[in-house]
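Next come the chains, spelled out residue by residue.
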Amino acid sequence: MAEEFSKSVEEGLQLSKRVYFGNDRAVSPPKPLPSMLKSHTAYLPTAPMLYAVIHDPSIVDNPDVPSYQPHVHGKCDPPALIPLHMINAVDLTANCYLDTAFITVAATWRLHCVSGSRRCDCRIALPMGPQGSILGVEVSVHRKSYSTQLIDMEDNNGKENVTLAQDGGFLKANVFTLTIPQIDGGSNLSVKISWSQKIQCCNDVLSLNVPFTFPDFVNPVGKRMSKKEKIQINLNTITDSEVLCKTIISHPLKEVRRNAGSKGFSYESNVLSWSKNDFSFSHAVSSSQINGGVLLESASVDDFDQREMFCMYLSPGNLQSRKVFRKDIIFVIDISGSMRGKLIDDTKNALSAALSKLDPDDSFSIIAFNGEMYVFSTSMELATKDAVERAIEWINMNFVAGGDTNILHPLNTAIEMLSGARSSIPIIFLVTDGTVEDERQICDMIKNHMINGESISPRIYTLGIGSFCNHYFLRTLAMISRGQHDAALDVDLVEPQMLKLFDKASSLVLANITMDISNDLNEVEIYPAHIPDLSSDCPLILSGRYKGSFPEVFEVKGVLAEFSSFVIDVTIQKAKDIPVQRVSARDQIEYLTAQAWLSKDKQLEQKIAKLSLQTGFSSEYTRMTILENDQLKKVKESDGTKEVSKKSPRRKGANVQSQRMFLLPHLGIGFGNLTATAENTPPGSEETRAPDGLYPDEQPMCNYIDSGLRWFRMLRLHRLLCRHMLFWK
């Protein structure tokens, strides 16, 4: 899909040469990229963008000054995408809380390439930062407005007039698209887009990067077209420590607000052309020791769960000399047939780099698996230079993609090999791109081992590649074992994401963390229930619900790398302006969805849907829709009802037909695809969610969508046959 999108943009740029802008010599048609710089995804958006969706090339013209170009025969299939001009101003606002940033971009685009008497669809494309979540889109054009909203698919109220959107959803992992239907040529579209993304952390420095690089061809033509950029960023932390700005790389920000634990910055300028850089900002909170705090928030009146909310933040501090745990690590790597090609090469490169990062007193082994199992060494090897070189040579010989996927046997073997671990953190590093039938059985096996195991049991760090594996199964394995999970949905980023997860696993400074609050509170729920270990690489953030009075001070306990006990007093901080529920909503939804998958608990699924609707974060049990409001039609209908009501009063409860609702494709990652795994389909291939990746109650919705598509195709075929019949008459 990403390659097709990029190709359509390239064709759109060629087609846009038809647009005539007068005799101004400063105006030249948009130039495609030089062939040497092109890649199969060269024209993917690098900032929020709008495109004209062109099926009929004859409609391409200047809406103000028609050029009367020669008629173009034929259609564009797939449609060409012409990037629209962004006009007047663009406004970016970033509100940063802990490890989450809420971004809003507001701008206006002009449909400059379609004749004033014609119409076309307009497609919004939004690239987001790491773990981006689309929160809302609002569009205003002429007398119509469009806005997104989430709906619960179990609730049938108001779904009678839902229309299936033919396009939309995720183009790739972090690129969201949305189509606005039938806009008049020459129209201005005012667009406001909101999303959240994670703030990246490395060595206690927090970095925000927002896609904000606009290509030249979105600049409006004409010397007198004013352009203004405005950026505002608000930083908020729990602690009262000073916020230190490390680097401001992209745009010259000016500090406008400074308080304990928070700062505000802004930038505003008239520019000749739109931003050529992503917005980048880095900061740190000064502290040399492990520290933390707790924010409390009361439930709102409309909250489905009336328990109080809390969010705990635990930071490793920036003391560089802090000792990390010695590791006994086993890499369990999927080499089934679907991992062939670039994917297995990237995995080998990442694994080789990870082995080179091990300390000499760490120990390791490697298990490669498909339908069979291949072990580098049946006993743990010290990470000497010789052992690492032998391991890399073994990887190059044995990592040949082929065969089926069997996860249970290699996991069992890894746990047995780590059973004798002493004075170290035992770690299983699992990488897979497939799903298996016995996933719940595997989770039960891991649970039993954790209950009956050693004081420090094996941590399982899981990396799921693509959308065919069951990420909720992998997340459950990590949750049970105090490990962590990451999803490499973009297969081109497998190598950096694998190394990033390894860096987390290899820099643990505090293990077996507990919160001493259970005696003071009732109905306590912590997400996740088994608290992960603290890494020197990034802070640890937990959230939860409770009833009762939260203690003013409580103890957080753990074990340090020397296996000595650690205790810290954590105090309650004022929430200030930090929205606790929204900051923790995405993580809570993912943790709860993993629990719902494991337990098949329908009530828990309903709870997740309510949390999704309440916070605006999509889930596996909700769907995003586009709501169209036609103000002109609404006025006409209201005028008509005044005349008609004298003769025949409107039926009570009748719907006003000035609204239409379009259902977008499912935005969730699903619960794996057994069929694709069995067929060794590589991740990243064109796919639709197979029925085995759905819950039974989701099947009717899938059938509804399939039947809608079949009906649409039959109608199109019927129209085509009618045209041929008229022609032959």
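Nothing here was measured: the structure is a model prediction, and the numbers come from that model.

When you look at unusual backbone geometry in this model, what are you seeing that I'm missing?
Glycine aside, the phi torsion of most residues is negative, and most peptide linkages are trans. Of the consecutive residues Asp77 and Pro78, the connecting peptide bond is found in the cis state with omega at 0°. In this fold, Pro78 is placed in the loop between β1 (49-54) and β2 (80-83). The phi torsion at Gln182 lies on the positive side, around 45°, for a residue other than glycine. Mapped onto the secondary structure, Gln182 falls in strand β10 (residues 175-184). Of note in the backbone geometry, Asn680 takes a positive phi value of approximately 55° without being a glycine. By the element assignment, Asn680 lies in the loop between α11 (674-678) and α12 (699-728). Residue classification places Asn680 among the buried positions, given a relative accessible area of 13%.

Hey, could you run me through the confidence of the model for the protein in this one?
The predicted coordinates of low-pLDDT regions are not to be read in fine detail. Per-residue pLDDT for the protein has a mean of 85; in total, 84% of the residues score no lower than 70. Low pLDDT (under 50) marks residues 644-648, which in the prediction has 1 contact with non-local residues, meaning those over four places away or in another chain. Confidence drops under a pLDDT of 50 for residues 687-718, and excluding neighbours within four residues, the segment shows 39 contacts in the predicted structure.

How should I be thinking about the sheet that holds strand β9 (residues 169-172) in this particular structure?
By definition, the strands of a sheet pair up through backbone hydrogen bonds, in either a parallel or an antiparallel sense. One open sheet holds the 5 strands; their spatial order is β2-β1-β5-β10-β9, and the pairing between them is antiparallel. For this open sheet the edge positions go to β2 and β9, each flanked by a neighbour on one side alone. Taking the axes of each pair of neighbouring strands and ignoring which way they run, one obtains an average angle of 40° across the sheet. In this structure, strand β5 (residues 119-127) lies alongside β10, joined through 8 bridges in antiparallel fashion. Each bridged residue has a counterpart across the sheet, and for Ala125 the counterpart in β10 is Thr177. Sheet contacts for helix α1 (residues 2-15): β1, β2, β5 and β9; angle to β2, the most-contacted strand, approximately 65°.

Even after reading the chapter, I still don't get the packing of aromatic side chains, so can you show me in this structure?
Each pair of aromatic rings is reported with the distance of its centres and the angle of its planes. Counted by the stated rule, this structure contains 19 aromatic pairs. An angle of 35° between the planes, with centres 6.0 Å apart, marks the rings of Phe331 and Phe502 as tilted. Here the residue Phe331 occupies a position in strand β21 (residues 327-334), and Phe502 occupies one in helix α7 (residues 494-505), the gap between them amounting to 171 residues. Considered together, Phe331 and Phe502 belong to a single accessibility category, that of buried residues. A ring pair is formed by Trp394 and Phe399, whose centres lie 6.2 Å apart and whose planes are at 75°; its orientation type is edge-to-face. Considered together, Trp394 and Phe399 belong to a single accessibility category, that of buried residues.

Sorry if this is basic, but what is going on with the side chain of Ser196 here?
For Ser196, the location among the structural elements is in strand β11 (residues 188-198). In contact with Ser196, other than residues within four places in its own chain, are Thr100, Ala101, Phe102, Gln131, Gly132, Ser133, Leu135 and Phe617.

What's the story with the packing of helix α2 (residues 342-357) against helix α3 (residues 385-398) in this structure? I'm lost.
Each pair of packed helices can be described by the angle between their axes along with the distance between the axes. Where α2 meets α3, the closest approach of the two axes is 10 Å, and the angle between their N-to-C directions is 170°. Judged by the inter-axis angle, α2 sits roughly antiparallel to α3. Seen from α2, the contacting residues are Lys348, Leu351, Ser352, Leu355 and Ser356; seen from α3, they are Val388, Ala391, Ile392, Ile395 and Asn396. Among the residues forming the contact of α2 with α3, the class breakdown is 6 nonpolar, 3 polar and 1 charged.

Definitions and limits used
- Residues numbered from 1 in each chain as written.
- Predicted model: local features only at pLDDT ≥ 70, side-chain atom pairs only at ≥ 80, totals over all residues.
- Heavy atoms only, no water.
- Helix = DSSP H or I, 4+ residues; strand = E, 2+ residues; numbered from the N terminus.
- Buried < 20%, exposed > 50% of the residue type's maximum accessible area, 1.4 Å probe, protein only.
- pLDDT = per-residue confidence, 0-100.
- Contact = heavy atoms within 4.5 Å.
- Pairing = 2+ DSSP bridges.
- Axes fitted to C-alpha atoms, helices over the stretch in contact; angles between N-to-C directions.
- Phe/Tyr/Trp six-rings, centres within 6.5 Å; stacked < 30°, edge-to-face > 60°.
- Parallel < 35°, antiparallel > 145°, perpendicular 65-115°, else oblique.
- Nonpolar A, V, L, I, M, F, W, Y, C, P; charged D, E, K, R; others polar.

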